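Analysis of the macromolecular model
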Amino acid sequence: MKEKSYMIAVPQNVDVLKKPADIMNRLSESFDVNLISHDCGFDGTLQFTVDANGEEYTLEARPIEIEIPQMYRTQHFFPDIDIEFISNAEIGLLVSMEFGKEPLESYHAQLKIITEMVPDIVAVIDDSSEKILSGKWVKLAAKSAVPPAPRYIYTVQAVSSGDDGCVWLHSHGMNRCGMPELEILDSAKETYQEHYNVIETLANRLLEMEEPIQTGEPLFLARMTEEIPMVVTLIDWKEAVENYPEDMLGGRKDREEGHNQNTCAVYVYAQYDDIEKRNYSPVSVFDEFMKDNPLYMISTKETERMKKQARERLDYMIKAFENKDNKIIVKIGLEMDEEFRDDQNQHEHIWFELQEVLDGSIKGALIQEPYYVKDMHEGSVGIYDFDMITDWLIYTRERRLTTDDVYLLA
């Protein structure tokens, strides 16, 4: 069952929400969103249909009182003045819609619709994923021709029980995509960050599938070493909790008021023969390999999205490189050695430190050992066209900036 996606726009001036007709007029003047029809109920709830990104969506919107739960994650950096404003905000515009077939395109469309309806957004509270988004980021994302990263659709929360070190990882936001929420039971404070990477990579893969994998179905997710693959599967939470004490964090007792509907635990098949026997194991069986730079499988579709966004915002990277206090690394798609290529994988995407920006290309030094390009090694220097760039990161004195974070440089 696909849930609706709920977002709340927090405006700088609440007066922009007082007249429903004005809200609809702003949307009707949009170049990115085509308003097909709209109506306003007696209670002030707007019901409308739009065409965005080539797909038709039906939405509802109404002003509501704001109260941000303590567990909600602040996804972006906010100046102190904005944090104070959001903390004191009383009214926002709740916008709900049902996602279409493409979750990422639907999420992008909802951001575009919100920015047209509510000018001067300070923040967006993504109720479905329990996170708070910067208004500056939302406006940048809405204007982009490229959807945001898949990780924005969901949040993975890590809940600790305290003294015993047990950590329960679980997601919020996947249900609006018609996918199960994902969780890992009985993680630990020493390993939960690595387990988080497993959930994030799996969630991103699932969001690209027309249909989610079935419980027990195998999915190749990562390579722990050249010889050891990680093959994951999903197990319904009711079956999963039977492997643990009832009163353990995330156990059956914790399911009385939530996390008891469409949610699955992530497990692995440690050996190939385990798949046919459905002999699944906890993710922790691979803990000893997880700190040794495992190679997580990123799909061709996501690689292309990252590449498009990196190219679209390349001017931010070039401008940041002018400040010699900044360090910049660039991911380049190198052609694999012929023996490793197949129809799905032709390139290995690896990181270089940026040394020089040239006319239509960059000069960089390789900062890691390739798996599938045997004649190149850490420290190798080369010149690579802009078209080969698939991602980049900016390290300033204060923080690390991704292609998603460049709103901070605007």
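All values reported here derive from a predicted model rather than from experimental measurement.

Under the criterion given, the structure shown has four aromatic pairs. Aromatic side chains W137 and Y152 sit 4.2 Å apart centroid to centroid with 25 degrees between the ring planes, which places their arrangement in the stacked category. One end of the pair, W137, is in helix α4 (residues 135–143); the other, Y152, is in the loop between α4 and β9 (155–160), and 15 residues separate them in sequence. Residue W137 is classed as buried on the basis of its relative accessible area of 2%. For Y152, a relative accessible area of 1% translates into the label buried. Ring plane angle 55 degrees and centroid distance 4.8 Å describe the contact between F352 and Y384, whose orientation is recorded as tilted. Highlighted residues: F352 in strand β18 (residues 347–357) and Y384 in strand β20 (residues 381–385), separated in sequence by 32 residues. We note that F352, like Y384, is buried. Sitting over the face of the ring of F321, K324 holds its NZ or CZ atom 4.0 Å from the ring centroid. Lying across the ring of F77, R399 places its NZ or CZ 4.6 Å from the centre.

Now for the nonpolar core. If you look at the biggest cluster of nonpolar residues, it comprises 93 residues, and the most contacted ones within it are F48, M117 and M230. In terms of residue count, the dominant contributor to this core is helix α3 (residues 103–117) (seven residues). Filtering out sequence-adjacent residues up to four positions away, M230 remains in contact with V198, L219, F220, L221, A222, M224, V268, V283, F286 and M290. W237, V241, A265 and Y280 belong to the second-largest nonpolar core, a separate cluster that totals 15 residues.

Cut-offs used in this document
- Residues numbered from 1 in each chain as written.
- Predicted model: local features only at pLDDT ≥ 70, side-chain atom pairs only at ≥ 80, totals over all residues.
- Heavy atoms only, no water.
- Phe/Tyr/Trp six-rings, centres within 6.5 Å; stacked < 30°, edge-to-face > 60°.
- Helix = DSSP H or I, 4+ residues; strand = E, 2+ residues; numbered from the N terminus.
- Buried < 20%, exposed > 50% of the residue type's maximum accessible area, 1.4 Å probe, protein only.
- Lys NZ or Arg CZ within 6 Å of the ring centre and 35° of its normal.
- Core = buried A, V, L, I, M, F, W, Y, C linked by side-chain atoms within 4.5 Å.
- Contact = heavy atoms within 4.5 Å.

By themselves, these are just geometric observations and shouldn't be taken as functional.
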